[in-house]
Structure formats: C-alpha cells, structure tokens
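Residue-level listing of the chains:
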Amino acid sequence: MKPGWFATMRRCVCCTLALQGLAAAPALGSDAEYTIAIKDHRFVPDLISIPAGQKVRLLIDNQSDSAQEFDSHALNREKHLAPRSQAIVYIGPLDPGRYIFQGEESDAPGGPALGIIEAR
C-alpha cells in the first residue's frame, strides 16, 4: 500500500459524513407547521389534528381589522395579535387528546371564537 492511501480514505469518509450531516440538518430542526386564521371572530379551521408526541408550530394569522387573541389554558399558551398580523406559537409534544383554545372575549354573536386541537 502507498503511505498516503489511508489518509486519503480517511479524508473521503470524513467529507462524506460531513455532507450527510449538512443534508440532514434542516430536517432535524423543522417542526410540523399548521396555520389557523382568525376571520370574523372565528378560527379557520376550528379543528386541527396533529400527531401526538411531536412538537408543532402554529402560525396564527389575524385577518381581522381588530386585535385578537389565541388563548388556551389546556396548552398553557396565550398570544395577543395586532390587527392584520401573524404570530407563531409552539405546542407539544402533546399526549393524545383534545385541547381547547379560544379567542378574545367579545360581544360578537356566539361569544369568543373556539377551536380544538386534537392530538392523535
């Protein structure tokens, strides 16, 4: 064997492992994302199914001309949104079950907006 053969192979293996690590990096840090819009004092959709045991990212999109709120005692989350703005809320990992969230207390017919996150 040539004296430099082992060093060359070691460099090739290290480069291959480094490239594989770089390719996998975006997948490691990415959470599943779900969007919930607030329109006319209602959540759209008002029922979201997510995988149990996995952290997820909720994009709350306030499409109203008034300030709104995403509030959930079950999820221990509260987010105030300015008119026509968006916010990110991370939840989970959750046990299987149903988790209720609601909007800003208002005088809108039917009371505050309600929604459910179902972890399966």
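See the structure shown above.
Residues numbered from 1 in each chain as written. Predicted model: local features only at pLDDT ≥ 70, side-chain atom pairs only at ≥ 80, totals over all residues. Heavy atoms only, no water.

Draft legend 1. Structural context of the pairing of strand E6 (residues 77–81). Relative to E6, strand E5 (residues 68–72) runs antiparallel, the two sharing five bridges. Within E6, the residue paired with Asp-71 across the bridge is Glu-78. Between E5 and E6, which pair antiparallel and follow one another directly, the connecting turn spans four residues, one of which, Asn-76, has a positive phi of 60 degrees. (Pairing = 2+ DSSP bridges. Helix = DSSP H or I, 4+ residues; strand = E, 2+ residues; numbered from the N terminus.)

Draft legend 2. How the structure looks around the side chain of Gln-68. With respect to the secondary-structure elements, Gln-68 resides in strand E5. Side chain to side chain, Gln-68 and Ser-66 meet in a polar contact 3.0 Å long. Other than its neighbours up to four places away in sequence, Gln-68 contacts Ile-38, His-41, Asn-62, Lys-79, His-80, Leu-81 and Glu-104. (Polar contact = N/O pair within 3.5 Å; in protein donor to acceptor, adjacent residues only side chain to side chain. Contact = heavy atoms within 4.5 Å.)

Draft legend 3. Region of the structure containing unusual backbone geometry. Between Val-44 and the following residue, Pro-45, the backbone shows a cis peptide bond with an omega angle of -5 degrees. Checked against the element boundaries, Pro-45 lands in the loop between strand E2 (42–44) and strand E3 (47–50). Look at the link from Gly-92 to Pro-93: it is a cis peptide, with omega at 0 degrees. Looking at the secondary structure, you find Pro-93 in the loop between strand E7 (86–91) and strand E8 (97–102). The backbone of His-41 shows a phi angle near 60 degrees, a positive value even though the residue is not glycine. Within the secondary structure, His-41 is located in the loop between strand E1 (32–39) and E2.

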